[in-house]
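# Observations on the three-dimensional arrangement
For reference, the chains in residue letters:
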Amino acid sequence: MAIALHADVFIPGDSPLHRWAVRPKLLSLLTLMFAISLVRHLLLLPWVFGVVGGLYLASRLPLQYLLRRLPYPGVFIVAMVGLLPWVSGETVIWQWSFLALHLEGLQTATLIAGRFLAILITGFVLLGTTPFLDLLAALRSLGLSPLLTDMTLLTYRYLFNIAAQLATMRQAMRLRGHGLRRQTLQRQWGWLVALFGSLLLRSYERSQRVYQAMRLRGYGQQGQGLSPTPAAGSARAAPAPMTVLTLLSAFSFVIAEWIFLAS
Amino acid sequence: MHIPDGILPAPVCVAGYAIAGGVTWLALKRINQTVDPQAEVPKAALLAAAFFVGSSISLPVPPASVHLVLNGLLGALLGWYAWLAILIGLLLQAILLGHGGLTTLGVDAVMMGVPALIAARVFQLRHRLGKPLSPKRSLAVFSFLAGAIGVGLAALIFFTLIIFTLPSTLDRSAEQGFLTALMVAHIPLIFLEGVFTTLLCFFLLRIKPELLES
Amino acid sequence: MNQFSSSTPPSVSILTAKDFLTPATAIALQNLSFSYPDNPHILVDISLSIREGERVGLIGHNGCGKTTLFRLVCGLLPPQAGTIQLFDQPVQPNQFRSEIGFLFQDPEDQLFSPSVRDDIAFGPQNLGLTEAEITARVEAALELTGIKALEERPPHHLSGGEKQMVAIAGLIAMCPRVLLYDEPTASLDLRTRRRLIRFLQRSDETLLLASHDLEFLLEVCDRVVLIDEGRIIADGDPVAVMGDQTLMEAHGLEKPHSLIPHVEPHHVQRDRLAQLPLEG
């Protein structure tokens, strides 16, 4: 599993998007993403991409960042986008023996692909310009339960350790010959159950030690929890124009859709 | 199992978030009613991480291999915390694996989390309904059910959502036929999830039975 | 004319003394270099040759590349320059070599099966041996490591020292010719450590041990290699290398206590080993 270290996802910088305060940024960009998912007319796509492209440029994130991450759309969406033009719709625009390309299907597929890409890029703009801890602190200030944010912090904190543990355990298995020869299904499943079970047990035992250590530092006394401290140096001078611009763009999609629907 | 952005209509995504919010409120309420809610947080958090990492293990199913979902097992081991674990897992997946999912977070959480909670309840029933059977038999039956129901319900919700969002220009009967075929194809996988859940519960029974009492 | 020639069949090759005196080269490293992206030059131009049967200690401060070296020798990492040969066959990355076994620093990285017996059997099962052969290997490994009493217990329930012995048994069951031990005494209590020392003193395999426990290496090894800044600084007799105070301190280490002149000698002589029990 290619778990990106958050260092790979977040890229420090000094663009207007980096300096945008986290709470308005999160809410505005999420609103934008939902607005994009509302779009049902192909004609709006260029405008959508204009807005999203503008945001990406303003973030000054390298193009490499986007290109490296784009090739992971998943089988499902590729299947949908790939199959729809051939199976959905009535107007045939191109035919070769039994294969027929349908206009409506092509339109829908383009729409889905377009929406998906635009939302994905907006997501990268958000995650690339915001440290994880700041995101979490913003969610907390928006009312997310402290129990939930504490748990998120811990899961995140130990995710990489546990992934490294699993990798080492699998290496140890390979060094003892695992994968060398075909084995009965019974043996293979037995080993994998034991591997996953052992990983769970090690994580559980570690969690008990972690809890003891946290208790010694006051966790749990009178509801005292962990507090996600925002990254040092994150400026709070919120360029309100960014919020306004983004929300306006989001509303523009909604209004344009409404106009299209009305006409 | 997660639905990519851009496919579902916005109202469905918003509804997903609303329902997820409601379930979160309920889960937190139940959790806060326990004696020491914070004590379970490290266990739930680290097991959530272990499940996230463990999902990369692929199991051989000739001729191919599969990645199991195991939301039923998660429910059996964590109870109400399983909902939180799934929510966090989806959030971290969106952030770290970089394939989107922020708009569909609510829907995905409901799709995986609600069946996990149901599976948790089913697993708990082994004490009451499983009385006539020996403890081991009862564990076997109910852990299988938890695993199977977890995935089965999730698959059902997934396919229902897809049916309702497919464009209406698609030939109705072809669409239904295709989907029935997909559901049927998933039955062996549902069975395998049940089997794996049972095997794992027996492993835990032998080595750390306290993990089975949530 | 050789006085034995009439009684010697012509097809037998005459073995000379030289064949008995030069054992095979177990590990041969030639100009080996490796860098991590965030830690360049962890190993620079390392050339080392270890003969079969030798017991070599690897010393150096934390982060000097001992574990990296082990990983390279096992084929877990690909070298960036240089060659690695195991019994004169080049080591290919990720290619399985049954002649070598690696004991991880944390036995929990290696143990995962529900019983000790199952875990030891894992290696032989993967080698494709018959049930009878597997059972024989497991029994032999249990006897050699003295853990027969633990065979049905889950490894997860054992103490640190016991887990380590199970991990070692799991490696021995594969009949390796070379064993790499990464910080084997790091979390052992004194009694278990003593047991490990006696066990290693009895073993036949070629050993490569990375350790901070210099006294331990003094008792087990017949050769010590000091690494610093990715290079081999010293290579030779343990007492000569580790007794050189200036050398040790210049590379972040200290001379082992027992090499400081004693009024009364108290180390066990090697020839008295056979009389000692494995336990206690």
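Keep in mind that this is a model prediction, so the values were computed, not measured. (Residues numbered from 1 in each chain as written. Chains lettered and ligands numbered in written order. Predicted model: local features only at pLDDT ≥ 70, side-chain atom pairs only at ≥ 80, totals over all residues.)

### Topic: the packing of helix α3 (residues 22-38) of chain A against helix α7 (residues 103-129) of chain A
Two quantities define a packed helix pair, namely the angle between the axes and the distance from one axis to the other. All names here are of chain A. What counts is decided by this rule: Angular values range over 0 to 180 degrees, each being the angle between N-to-C directions of two axes fitted as lines to C-alpha atoms, with helices fitted over their stretch in contact. Going along the chain from the N terminus, every DSSP run of H or I of four or more residues is numbered as a helix, and every run of E of two or more is numbered as a strand. Angular relationships are summarised with four words: roughly parallel below 35 degrees, roughly antiparallel beyond 145, roughly perpendicular across 65 to 115, and oblique for the angles in between. We call two residues in contact when the distance between their C-beta atoms, placed using the backbone, is within 7 Å.
Two elements in contact, α3 and α7, have axes whose closest approach is 9 Å; the angle formed by their N-to-C orientations is 175°. What the angle tells us is that α3 and α7 run roughly antiparallel. Facing Lys25, Leu26, Leu29, Leu32, Met33, Ile36 and Ser37 of α3, the residues of α7 in contact are Arg115, Ala118, Ile119, Thr122, Val125 and Leu126.

### Observations regarding the nonpolar core
The condition that has to hold: Each nonpolar core consists of buried Ala, Val, Leu, Ile, Met, Phe, Trp, Tyr and Cys residues. Their C-beta atoms, within 7 Å, join them into a set. Backbone-placed C-beta atoms define the burial measure: a residue is buried with 20 or more other C-beta atoms within 10 Å of its own, exposed with 12 or fewer, and partly exposed in between.
Counting 204 residues, the largest nonpolar core has Ala82(B), Ala85(B) and Leu180(C) as its most contacted members. Not counting the four nearest positions on each side in its chain, Ala85(B) is found in contact with Ala44(B), Ala48(B), Phe51(B), Leu74(B) and Leu78(B).

### Examining the interface of chain A and chain C
Condition: Any residue outside Ala, Val, Leu, Ile, Met, Phe, Trp, Tyr, Cys, Pro, Asp, Glu, Lys and Arg is labelled polar, Gly included; the first ten of those are nonpolar and the last four are charged.
Chain A puts 16 residues into the contact, and the matching count from chain C is 21 residues. Among the elements of the structure, α9 (146-175) and α10 (185-216) of chain A are those that each provide at least two residues to the side of chain A that touches chain C. Ranked by the residues each element gives to the side of chain A that touches chain C, the list is headed by α10(A), at six residues. Looking at the side of chain A that touches chain C residue by residue, the class counts come to seven nonpolar, five polar and four charged.

### Regarding the confidence of the model for chain A
Residues and elements named next belong to chain A. Quick reminder of the rule: You can read pLDDT as the predictor saying how much it trusts each residue, on a scale of 0 to 100.
Across chain A, the average pLDDT comes to 83, with 88% of residues at 70 or higher. Element-level mean pLDDT values for chain A span from 61 in helix α1 (residues 6-9) up to 94 in α10. Between residues 231-235, whose pLDDT stays under 50, and residues either more than four places distant or in other chains, the model counts five contacts.

### Quick notes on the environment of Gly105(A)
All names here are of chain A. Within the fold, Gly105 resides in helix α7. Its 23 C-beta neighbours within 10 Å are what place Gly105 among the buried residues. Along the backbone, Gly105 and Glu90 are 15 residues apart, and their C-alpha atoms lie at a distance of 8.5 Å.

### Considerations on the sheet that holds strand β8 (residues 206-210) of chain C
Residues and elements named next belong to chain C. Convention followed: When DSSP finds two or more bridges between two strands, those strands count as paired.
Spatially, β6-β7-β8-β3-β9-β10 is the arrangement adopted by the six strands of the open sheet, whose pairing is mixed. The open sheet is flanked by β6 (100-103) and β10 (231-236), the only strands paired with a single partner. Direction aside, the axes of adjacent strands within the sheet are offset by 15° on average. Bridge count between strand β3 (residues 55-59) and β8: four bridges; the pairing is parallel. Paired with Leu58 across the two strands is Ala210, which belongs to β8.

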